[in-house]
Amino acid sequence: MKRLKKYKSLLCFVLLLFIPLLTTNYTQYLINIAFIYILVTLGFNLVLGYVGRFSFANASFFGIGAYSVGLLMRKLGIPFWFSLPLGGLITGAVGLLLGFPALRLHRYYLAVVTLAFTFLMKFIYIHGGGFTYGPSGFDIPVPTIGVLRFSSDKNVYYIVLVVFFLVLTLIANIIKSNIGRSFRSVNEAENAAEALSMNTRKTVLLAFALSGFVVGIAGGLLSIVLRRITPDSFGMLEIVTHFIMVVFGGLGSITGSIIGGSVISLLPELLRGSQEYQELLYGLLIVIFVLFAPKGIYGFILKYVPGVQREKLYQDVE
Amino acid sequence: MKSYTRMSNEDNRHPFLLVKGLTVEFGGLSALMNVDLEVSEGGIRGIIGPNGAGKTTLFNALTGFVKAAAGEVKYQGEDILGLRPYEIAKKGVIRTFQGGGIFSEMNVLENLMTGYHRLLESSLLEVAFRFRKNKSEAKKIWGKALRLLEALKLKDLAESLAGDLSFGQQRLVELGRALMSDPKLLLLDEPAAGLSSSERDDLIQLLKGIAGGNGIYILLTDHSMDFVMGICDYITVLNYGQVIGEGKPEDIQKNREVIEAYLGHEGESDASGR
């Protein structure tokens, strides 16, 4: 049993490799999107849930990741395999920069500043002329290895899956370590964190940079899943969606991020034919969860479903 | 042997902690006035005084949480006044708080683990990729936390959320968390507040053990005379932000000024109508 636990995530990975055997192209596309949004939620959670900073720059990270990976491939002809990590690093650097206002600004002001930044980025995508290809966006080259072309949804899935597991594992390792605990310490009691030798400024900056990196990688994956990116994908609806994913899933929880990112990204599909109610539903979800389940679905399950244990937030030691 | 004599020489030159003329002002009012303090012998030093005497302000100034208007603080010969709190903590000066110092959304074990932060060696990449160094460090942290929980009789509560514990248990968790960092100087702000009398006796034994066995210098505040008298080797009395007495517990008990600070001047207390 203990052995099984140790290889739980590996087993999960192997089982997920067989998914394309069961799907149509369209459901495969939806699954790809769901995996991407889990990373988006996880990345946003680092800022919103773990260090508890009220930032709305997440949609801009997503866009910067998608645009930088796409442009690196398209303009400079850099292969996807290098563009993706580069895009993550670029977005991580932007995240680091956006961490600085988070050191000084009170929550509402930070929310306004980061919101403004997200709109500014959208403005740049639209009016960037030849550099960003303007309002209609641009096509993304197909990633290739030798003769192998990742052009279909089922092929792209394997890229998404591998990157997803890699990033999830790295971030989970960090969250379960003392570095992750320093995020939560700073969030809960800044004075106590400082008194334990934690540099609270550095901690907040690190969380923003990591958040940028993760969401930037997710944006890069989005670019090859959509095969075309446009400025519309990174506006107001996206800001609200990311926020709901974190709040619905559970602030400061990996499990919650997985639930929130996947369920909410599949929600529009379940509402097919009644798209106009999507925003209404989003609004209702926010109200319900903020009022009645502030710790999200994850917190709700922990509280009301007997026998469910809190996720372990420290590394396994044998 | 050689290194031993060198070390003791150094100790002679620099007292472990030297506070001179420390003054803290809040909007023109002096919360601390010209406070001198010297800690050169190990053991437990008590800072007592009535409410509002400046005990917590002294701790805040020593650990960088409030700015001093004047004075100097030398820790092992090094000027630490003006450093940020985390920089002072990095040097091994670790404090606890009167309240609100616990991470209530973490369980007890995690709370203790955070205390190890000062000694962390693994870098971000080593942590993310779980290099061997990180794995062995995680193991070390885990083992140390469990040992301390055992010593604090909190082992059964390891998986409980710290926010669900009693106030007294939370104080013990905070102490354990501080001990995780191998402090050199431990500042405990009213560690006995909220403890039952048996918990208090346990705490006294524990602190005496820490101060005696590990050579940790302990500075603690409390306004309960009984507790301080029972545990401290040396006592400094504060009143209205000034040091009004210093000495061994038995001397303090005889000190007129101290008695007056606690009980008020005879005759005057009647006049004030209390």
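Below, the structure is looked at part by part.

Take the pairing of strand 10 (residues 242-247) of chain B next. All names here are of chain B. In terms of strand pairing, strand 9 (residues 234-239) meets strand 10 through five bridges, oriented antiparallel. If you follow Thr236 over to strand 10, its bridge partner there is Glu246. What sits between strand 9 and strand 10 in their antiparallel hairpin is a turn of two residues, with Tyr240 showing a positive phi close to 45°.

Residues and elements named next belong to chain B. Ordered in space as 6-7-8-3-9-10, the six strands form an open sheet in which the pairing is mixed. Taken across any chain shown, the strands that pair with only one partner, and hence form the sheet edges, are strand 6 (93-95) and strand 10. Neighbour-to-neighbour, the strand axes of this sheet turn through a mean angle of 20°, independent of strand direction. Two elements, strand 3 (residues 44-48) and strand 9, share four bridges in a ladder whose sense is parallel. If you follow Ile47 over to strand 9, its bridge partner there is Thr236. Across the face of the sheet, helix 2 (residues 55-62) comes into contact with strand 3, strand 6, strand 7 (185-189), strand 8 (217-222) and strand 9 while running at roughly 145° to strand 7.

On to unusual backbone geometry. Unusually for a residue other than glycine, Tyr133 of chain A sits at a positive phi of about 65°. By secondary structure assignment, the location of Tyr133 of chain A is in the loop between helix 6 (107-127) and strand 1 (138-139). The phi dihedral of Glu190 of chain B falls on the positive side, at around 50°, and the residue is not glycine. Along the polypeptide, Glu190 of chain B turns up in the loop between strand 7 and helix 8 (197-213). In this structure Glu190 of chain B comes out as buried when scored by C-beta crowding, with 20 C-beta atoms within 10 Å.

Residue and element names in this part refer to chain B. Taken in spatial order, the four strands line up as 2-1-4-5 in an open sheet, and their pairing is antiparallel. The two strands at the open ends of the sheet, each matched to only one other strand, are strand 2 (29-39) and strand 5 (78-79). The pairing of strand 1 (residues 17-26) with strand 2 spans seven bridges and is classified as antiparallel. The residue bridging Glu25 from the neighbouring strand is Ser30, located in strand 2. Relative to strand 2, helix 2 is tilted by about 70°, and along the sheet it contacts strand 1, strand 2 and strand 4 (70-75).

This next bit is on the interface of chain B and chain A. Contacts between chain B and chain A engage 32 residues on the former and 24 residues on the latter. Mapped onto the side of chain B that touches chain A, the elements with two or more residues apiece are helix 3 (85-90), strand 6, helix 4 (108-114), helix 5 (124-128) and helix 6 (132-151) of chain B. Residue classes in the side of chain B that touches chain A are distributed as 17 nonpolar, eight polar and seven charged.

About the cut-offs
Residues numbered from 1 in each chain as written. Chains lettered and ligands numbered in written order. Predicted model: local features only at pLDDT ≥ 70, side-chain atom pairs only at ≥ 80, totals over all residues. Pairing = 2+ DSSP bridges. Helix = DSSP H or I, 4+ residues; strand = E, 2+ residues; numbered from the N terminus. Axes fitted to C-alpha atoms, helices over the stretch in contact; angles between N-to-C directions. Contact = placed C-beta atoms within 7 Å. Buried ≥ 20, exposed ≤ 12 C-beta atoms within 10 Å, placed from the backbone. Nonpolar A, V, L, I, M, F, W, Y, C, P; charged D, E, K, R; others polar.

Taken by themselves, the reported measurements are silent on function.
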